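# Structural features, examined
Here's the letter readout for the chains.
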Amino acid sequence: MRALIVDDERLARKELMKLLEDHPMIEVVGEAANADEATQLVNDLNPDLLFLDIQMPGKTGFQLLEELDAVPLVVFTTAYDEFAIKAFEVNALDYLLKPIQPERLLETVSKLAEKERAKIAAIRGPEKKLGLNDQVFVKDGDRCWFVSLSNVRLFESDGNYIKVYFDANRPMIHKSLNALDEKLDERAFFRASRKHIVNLSWVEGIEPWFNGGLMVKLRGGDKVEVSRRQAAKFKDMMSL
């Protein structure tokens, strides 16, 4: 993130620049001693972030923000805590009291990183789920397969591993069923129970089972119990 430091105290600017050397995700692209200088630099450099003092000769940090057409992310840096409420009223990301402590700056940088991750996720959109047309790499010991998910009829949890059923093979992969469930397209794969995920295209028959559950028969003969909790959802998915 490209940052601009705005502070009328030269030593304060230098100290903050020194502290930011420990945080390579932030690049200081300029510094200003007052609001007028800052306005010009914001227009010229288009920074992502302002480290902004509040009390400066001439215009305050708040007045500077009022004059900007587009406001970057703002972290206020000041020796006066009475401005904190107003700082958050203008949607400042954070408010650092001078002298700035390294551990407190780390908290601010963590907030910035989280905001940047959210921004990137929003641009990318929802992560694409794995469907029947996708292929996955499966490795078990010295054996490897490149398998089309349309051929995988069942995933079964076994401790810290998952047994992958395809053709006559049942290799084990080191992964949790919960993590796998999040990556699979729910229109193609169904979480039948705490231990099983089934490929819906392989379902051949359904029978009532104990305690309101269901027994699902897959092509090839495998049978999987659907828990009572998941049975109603399963019926909805498999009905017109």
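This structure is a prediction, so every number in the text was calculated from the model and none was measured.

Cut-off values and rules
Residues numbered from 1 in each chain as written. Predicted model: local features only at pLDDT ≥ 70, side-chain atom pairs only at ≥ 80, totals over all residues. Heavy atoms only, no water. Core = buried A, V, L, I, M, F, W, Y, C linked by side-chain atoms within 4.5 Å. Buried < 20%, exposed > 50% of the residue type's maximum accessible area, 1.4 Å probe, protein only. Helix = DSSP H or I, 4+ residues; strand = E, 2+ residues; numbered from the N terminus. Contact = heavy atoms within 4.5 Å. Pairing = 2+ DSSP bridges. UniProt positions renumbered as here; feature names shortened; annotations may be inferred.

### Side note on the nonpolar core
Generally speaking, soluble globular proteins have nonpolar side chains that are buried together. Counting 18 residues, the largest nonpolar core has Val6, Leu50, Leu52, Leu64, Leu65, Leu68 and Phe76 as the members making the most contacts within it. Where this core is concerned, the elements lending two or more residues are β1 (2-6), α2 (35-45), β3 (49-53), α3 (61-67) and β4 (73-78). Setting aside residues no more than four positions away along its own chain, Leu52 makes contact with Val6, Gly61, Leu64, Leu65, Val74, Val75, Phe76 and Thr77. Formed by 17 residues, the second largest nonpolar core is a distinct cluster that contains Val147, Leu180, Leu184 and Ile197.

### Some remarks on the sheet that holds strand β11 (residues 189-191)
The strand order across the open sheet formed by 5 strands is β10-β9-β8-β12-β11, and the pairing between neighbours is antiparallel. If you trace the sheet from one side to the other, it starts and ends with β10 (172-173) and β11, each paired once. Relative to β10, strand β9 (residues 161-166) runs antiparallel, the two sharing 2 bridges. The residue of β10 that forms the bridge with Lys163 is Met172.

### Focus: the UniProt feature "modified residue: 4-aspartylphosphate" (unreviewed entry) in the chain
The UniProt entry lists Asp53 under the feature "modified residue: 4-aspartylphosphate" (unreviewed entry), expressed in the numbering used here. Position of Asp53 relative to the elements: it lies in strand β3. Asp53 gets classed as buried once you look at its relative accessible area, which sits at 3%. Ignoring sequence-local partners within four residues, the contact set of Asp53 consists of Val6, Asp7, Asp8, Gly61, Thr77, Thr78 and Lys98.

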